[in-house]
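Here's the letter readout for the chains.
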Amino acid sequence: MATRGEHQTVPLSVLLKRELANEKIEKPDIVHGQASQSKKGEDFTLLKNECQRAMGDGVTTFSVYGLFDGHNGSAAAIYTKENLLKNVLNAIPSELNRDEWISALPRAMVAGFVKTDKDFQEKARTSGTTVTLVIIEGWAITVGSVGDSRCILESAEGDIYYLSADHRLECNEEERDRITACGGEVGRLNAGGGAEIGPLRCWPGGLCLSRSIGDMDVGEYIVPVPHVKQVKLSTAGGRLIISSDGVWDALSAEEALDCCRGMQPEAAAAQIVKEAVQAKGLRDDTTCIVIDILPQEKPPPPPVPAPKKQVKGVLKNMFRRKSPESSSNTDREYVEPDVVEELFEEGSAMLSERCAVKGHIS
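One structure accompanies this document, and this report is about it. (Residues numbered from 1 in each chain as written. Predicted model: local features only at pLDDT ≥ 70, side-chain atom pairs only at ≥ 80, totals over all residues. Heavy atoms only, no water.)

**Let's talk about the pattern of salt bridges**
And then number 1: Counted under the stated rule, the structure contains 17 salt bridges.
And then number 2: Note that Arg261 is salt-bridged to Glu154, the shortest N-O span being 3.0 Å. Pair noted here: Arg261 is in the loop between α6 (253-259) and α7 (265-280) and Glu154 is in strand β6 (residues 150-155), with a separation of 107 residues, a long-range link.
And then number 3: With a relative accessible area of 2%, Glu154 lands in the buried category. (Salt bridge = Lys/Arg side-chain N within 4 Å of Asp/Glu carboxyl O. Helix = DSSP H or I, 4+ residues; strand = E, 2+ residues; numbered from the N terminus. Buried < 20%, exposed > 50% of the residue type's maximum accessible area, 1.4 Å probe, protein only.)

Next comes the structure, spelled out in structure tokens:
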């Protein structure tokens, strides 16, 4: 035991082990920006960096981003913004370690969405909302979504991944089949004389979405069970774009990514909204969140003799496609491990499953 005035020493082997452990669990830097143009005032966002969670051996952090696009009023969107995250986190058992917590997130997403819908409908309000909720813990990204807001990911090497599903009946055959199998009807508005107009809708109710939170007045076939997808990024990082349908009605995923390439997240979000409004006009609330997930900058290595050819840093080219002919060792080091690992995906929302989940929560 050290006496007063003496310093407690730590063996070198212990320090080395700590360094290795820190390297192993090193987290990315996360930078975000958002932009919007309002038509109805029914889009809302949730942006929470560095949320803390107690573990058995300390405290860890995670980040949360949500987009809530209301319809028939803003009550459902506001309520969901204020309560969904709490309901998701409460569905995860306490005292899980980091890996167990990440593994529990997908099912907790389902439970949290359904509980939020149940609690809101007890308030007898008739508005509804789409939801895209993103939780980032380390390099793991978990996305739960209902409706037609979308979340896309571009990895550092330029591969695009769709992390949400579009629950518009017009474009989702699986959801049309689900509704008709449960006894609902799918069709367009009848304009009289046999003429049909507008997008496909679910009847009774006439909603053109098959999943949402709220919408208690449109019947039992509109479910709150989210499509959930969980992926793990490589340590090369990537860029997420979460946008309401005001963006996706105007731009493809590739167009949204290309129009803001090389920009910081705040400027990128503003550029995406600008491009969407220019393309289609401000016909709906148009909201965008851009999130860059970046490797932490490390201190420079000790000086070495300068190479004859300077190799570009990976951070400088984070969101630029690299030439497949590139042969530098630095490029190979980052290209080869740059794989997005898909950990979980579940999109089913049969009515019996919805009732089973509700019964478990209530």
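That was the structure; now back to the text.
**Let's talk about the packing of helix α2 (residues 75-90) against helix α3 (residues 98-121)**
And then number 1: Across the interface, α2 lies against α3 with an axial gap of 8 Å and an inter-helix angle of 140°. Considering their axes alone, α2 and α3 lie oblique with respect to each other. Of the two possible hands of crossing, α2 and α3 adopt the one that is right-handed. Where α2 approaches α3, its residues Ala75, Ala76, Tyr79, Thr80, Asn83, Leu84, Asn87, Val88 and Leu89 are matched on the opposing element by Trp101, Leu105, Ala108, Met109, Gly112, Phe113, Lys115, Thr116, Asp119 and Phe120.
And then number 2: Per-class residue counts for the contact of α2 with α3 are twelve nonpolar, five polar and two charged. (Axes fitted to C-alpha atoms, helices over the stretch in contact; angles between N-to-C directions. Parallel < 35°, antiparallel > 145°, perpendicular 65-115°, else oblique. Left-handed = near helix turned anticlockwise from the far one by under 90°. Contact = heavy atoms within 4.5 Å. Nonpolar A, V, L, I, M, F, W, Y, C, P; charged D, E, K, R; others polar.)

**Re the packing of aromatic side chains**
And then number 1: Within this structure, the stated rule accounts for two aromatic pairs.
And then number 2: Each ring, one from Phe62 and one from Trp101, has its centre 5.0 Å from the other, and the planes form 45°; the classification is tilted. Of this pair, Phe62 sits in strand β3 (residues 58-71) while Trp101 sits in helix α3, and the two are 39 residues apart along the sequence.
And then number 3: Under the relative-accessibility criterion, Phe62 is labelled buried at 5%. (Phe/Tyr/Trp six-rings, centres within 6.5 Å; stacked < 30°, edge-to-face > 60°.)

**Description of the pairing of strand β4 (residues 128-137)**
Within a regular strand, the side chains alternate between the two sheet faces.
And then number 1: The buried fraction of β4 is high, at ten of ten residues.
And then number 2: As paired elements, β3 and β4 share nine bridges and run antiparallel to each other. Of the residues in β4, the one forming a bridge with Leu67 is Thr132.
And then number 3: In terms of strand pairing, β4 meets strand β10 (residues 213-214) through two bridges, oriented antiparallel. Residue Gly128 lies in a different strand from β10, and its bridge partner there is Gly214.
And then number 4: As paired elements, β4 and strand β5 (residues 140-146) share seven bridges and run antiparallel to each other. Pairing of Glu137 across the sheet is with Ala140, part of β5. (Pairing = 2+ DSSP bridges.)

So yeah, pure geometry; function would need other evidence.
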